[in-house]
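Take a look at the letters that make up each chain.
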Amino acid sequence: MVAIPQTRRQFLQAVGATGGAGVLFSTMGALGLAPAAQAAPPFRAPRESDFTLTGRSHRSVLVLGAGIAGLATAYELRKAGYRVRVLEARERPGGRNWTVRGGTVETDLDGHTQRARFAKGQYLNAGPARIAQHMVTMDYCRELGVPVEVFGNQNADAYYYNEGVGALSGTPIRHRTAKADVYGYVSELLAKATDQGALDGQLTADDKERLLSFLRGFGSIGGRADGWRYTGSTRRGYEVDPGAGFEAGTPKLPPYALSDVLASGVGQYFSFEFGWDQAMLMFQPVGGMDRIAYALEEAVGRNLVTYRAEVRSITNKGAGVEVVYTGPGGQTRVASADFCVCTIPPQVLARIPSNLSQPVKDALAYAVPVSTGKIGLQYGRRWWEEDDGIYSGITNTNLDLSTIWYPSHDFHGRKGIVVGYYNFGGNADRYSSLTPAERQARAIEQGVKIHGEKYRTELETAFSVAWRRTRYSEGGWVSWPSRTSGQYGRLLEPDGNVYFAGDHLSYYIAWQAGAFESARKVVTDLHARVLST
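Each value, and the rule that gives it
Residues numbered from 1 in each chain as written. Predicted model: local features only at pLDDT ≥ 70, side-chain atom pairs only at ≥ 80, totals over all residues. Heavy atoms only, no water. Helix = DSSP H or I, 4+ residues; strand = E, 2+ residues; numbered from the N terminus. Buried < 20%, exposed > 50% of the residue type's maximum accessible area, 1.4 Å probe, protein only. Contact = heavy atoms within 4.5 Å. Areas by Shrake-Rupley, 256 points an atom, 1.4 Å probe, with all protein chains shown as cover. Lys, Arg positive; Asp, Glu negative; His and termini not counted. Charge placed at Lys NZ, Arg CZ, Asp CG, Glu CD.

The name an unreviewed UniProt entry gives the protein is Flavin monoamine oxidase family protein, with Phytohabitans kaempferiae as the organism.

Structural data, given as structure tokens:
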């Protein structure tokens, strides 16, 4: 027979012995004994053994939403034997982790119905499409057995295309060419300023020479005798590639004029590559991003997830939570549990009747949904590989389509899907106000400017997603006007027996990593509460 701890110290010793430092620290926090400014310890999933020495019993948890946050919450709680049930309004797992395949049918909030006619093996990741290698998402792919492959986030042979920017307006410029010219001219200007003494107050004579040596290599510029001039190099690419015999190749020279390069604005795209969450290498699951969602569903247990379950009300009870929902077939049903973890997007949850506190309702209304959209364009041949030599990567533009993505899988296959636009904010609103047919026509009209008429004539089928008009999401993600005004922090704490989770409650908004991290926090907090009461 296991002895039940009688004092708080005995209890905390038991928690530490069974749960380790992570659960112990969270439990101390729940008891008001842990210092507030400490960094969170590494996540440690709950275990069955956590209940052994404490004498606590397993509790029941109702999870609202089978997106990544909801499924991850259920998955981690199940490891300790919690009785878990998941309610999901859609007919599939994943939420915004949505891979559109042939046969997918979707009706948006404006009544537009689309049926995807993509060929077998072709797909569009309508929501998340890439994973940075440092993200916790990779850890879950490993744990769940989801194979991954490289996602081409940058490609030297993709394009930049801007309009209304001077002499280079309407000119598709290869990424490598743009970078060579921008780096070259910046290096020339800085080298001249350095050599002329403009930085003497900041650099020693030796430092100046070291900097000049660096700039010569960084920008491929001439030396002092050449006035540090940038005259272009093979970094810009070739008109005729080097070959056999006497074919030395014909470099693309001379470079564009300095004033034209500056006016073109192409340099503004380079900082994207340096972002902590965007730098190569990046990855994607083999076969589509929803492989993660379905792996989580399997790990949780398909029988524990109820689909087509629309939540109608949420009520905090003294000893638990009661949720009324419309189940499959349209019948009204009631689900009860000791606790509830709600992952419904704030803009949707705010309209569901509940007895949540007013500060929580205010916090839900404070979140601002962000518009974003995508279109998948299926072509009968992979002309971007065959004609343009582009294998994955992204073309950046100042057009309202924003970006064009080339597939990072099935290289040299017969067909392929290009993401014809992935845009945000006002550009996304512009497309979401159109019918699917009108979106397709607009995307093609813009894409032809970069890739020519084959972009139109070789198209086979398309499918578009406007996330602000997508039922149960109503936004690609949310933003917070402020994280320090109180509203954001209010949702980090439970309201009675209701907890909240999702990427919007992390500093990784719009990434699955944020949903996973948020789920881990809620699991840790809830588990500590159960062990301490």
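Enquirer: Hey, could you go over the overall build of the protein for me, with residue numbers and the actual values?
Expert: Each helix and strand counted, the protein has 15 helices and 26 strands in total. Along the first, second and third principal axes, the C-alpha set of the protein runs to 85 × 60 × 45 Å. A buried classification covers 53% of the 533 residues belonging to the protein. Put simply, of all contacts in the protein between residues at least 6 apart along the chain, 68% involve residues at least 24 apart. Summed over its atoms, the accessible surface of the protein is roughly 23000 Å², and 51% of this surface lies on carbon and sulfur atoms. In the protein, 58 side chains carry a positive charge and 52 a negative one; their mean positions are 7 Å apart.

Enquirer: Which residues make up unusual backbone geometry, and what are the values?
Expert: Here the amide bond leading from Leu-253 into Pro-254 is cis, since omega sits at -5 degrees, within 30 degrees of zero. Along the chain, Pro-254 falls in the loop between β12 (250–251) and α6 (258–264). In this model, Met-280 is joined to Leu-281 through a cis peptide bond whose omega is 5 degrees. Considering the arrangement of structural elements, one finds Leu-281 in the loop between α6 and β13 (282–285). If you check the backbone angles, Trp-228 has positive phi at about 60 degrees while not being a glycine. Among the secondary structure elements, Trp-228 is positioned in the loop between α5 (205–219) and β11 (238–240).

Enquirer: Please set out helix α7 (residues 290–300) residue by residue, giving values where relevant.
Expert: Among the residues of α7, Asp-290, Ile-292, Ala-293, Ala-295, Leu-296, Glu-297 and Val-300 are the ones counted as buried. Those residues of α7 that are buried are in contact with α2 (68–78), β3 (99–101), β7 (131–132), α3 (136–144), β13 and α15 (512–532). Following α7 by one or two positions, Gly-301 adopts a phi angle in the positive range, close to 115 degrees.

Enquirer: How would you explain the side chain of Lys-454 if you had to name every residue and give the values?
Expert: Inspection of the secondary structure assignment puts Lys-454 in helix α13 (residues 454–457). Leaving out residues up to four positions away in the same chain, Lys-454 has contacts with Tyr-379, Arg-381, Trp-383, Asp-387, Asp-388 and Leu-459.

Enquirer: Lay out the environment of Leu-124 with the relevant residues and their values.
Expert: You can see Leu-124 is positioned in strand β6 (residues 123–125). Those residues in contact with Leu-124, other than ones at most four positions away along the chain, are Trp-98, Thr-99, Val-100, Phe-118, Ile-375, Gly-376, Ile-417, Val-419 and Phe-463.

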